[in-house]
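Given next are the chains, with one letter for each unit.
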Amino acid sequence: MKEIFQEYGGVLITVVAILAVILVVSAVVGKDASGPIGEAFTKLINNFIAQANANTGIPGVN
């Protein structure tokens, strides 16, 4: 076991760190529009479209 950690310790730490980053990003961002970032982005786009339609006089869906 000691030899494995001496040989592959850096690689194991790197793999664990990458997996942890992926886990945190997927937890915060979410995998679809149901996450907090997805919801904020959807609201931002809907608000932009509503304002653009209001400025051009095109009737839109609110």
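The rules behind each value
- Residues numbered from 1 in each chain as written.
- Predicted model: local features only at pLDDT ≥ 70, side-chain atom pairs only at ≥ 80, totals over all residues.
- Heavy atoms only, no water.
- Helix = DSSP H or I, 4+ residues; strand = E, 2+ residues; numbered from the N terminus.
- Areas by Shrake-Rupley, 256 points an atom, 1.4 Å probe, with all protein chains shown as cover.
- Patch = residues over 30% accessible without salt bridge, like charges linked within 9 Å, V, L, I, M, F, W, Y side chains within 5 Å.
- Salt bridge = Lys/Arg side-chain N within 4 Å of Asp/Glu carboxyl O.
- Expected span 1.5 Å × (residues − 1).
- Bend = angle between axes of the 7 residues up to and from the residue.
- Buried < 20%, exposed > 50% of the residue type's maximum accessible area, 1.4 Å probe, protein only.

Re the overall build of the protein chain
Stage number 1. A count of helices and strands for the protein chain gives two helices and zero strands.
Stage number 2. A total of about 5500 Å² of accessible surface is found on the protein chain, and carbon and sulfur atoms cover 70% of it.

Side note on a nonpolar patch on the surface
Stage number 1. On the surface, Met-1, Ile-4, Phe-5, Tyr-8, Val-11, Leu-12, Val-15, Ile-18, Leu-19 and Ile-22 cluster together into a nonpolar patch covering about 1000 Å² of accessible area.
Stage number 2. Within the secondary structure layout, Val-11 lies in helix H1 (residues 2–29).

Overview of H1
Stage number 1. With 28 residues, H1 extends 38 Å from end C-alpha to end C-alpha; this agrees with the ideal 40 Å at 1.5 Å per step.
Stage number 2. Its axis deflected by about 70° at Tyr-8, H1 carries its strongest bend there.
Stage number 3. Taking burial as the measure, the 28 residues of H1 include one buried ones, a minor fraction of the element.
Stage number 4. Of the residues flanking the end of H1, it is Gly-30, one or two places downstream, whose phi is positive at about 90°.

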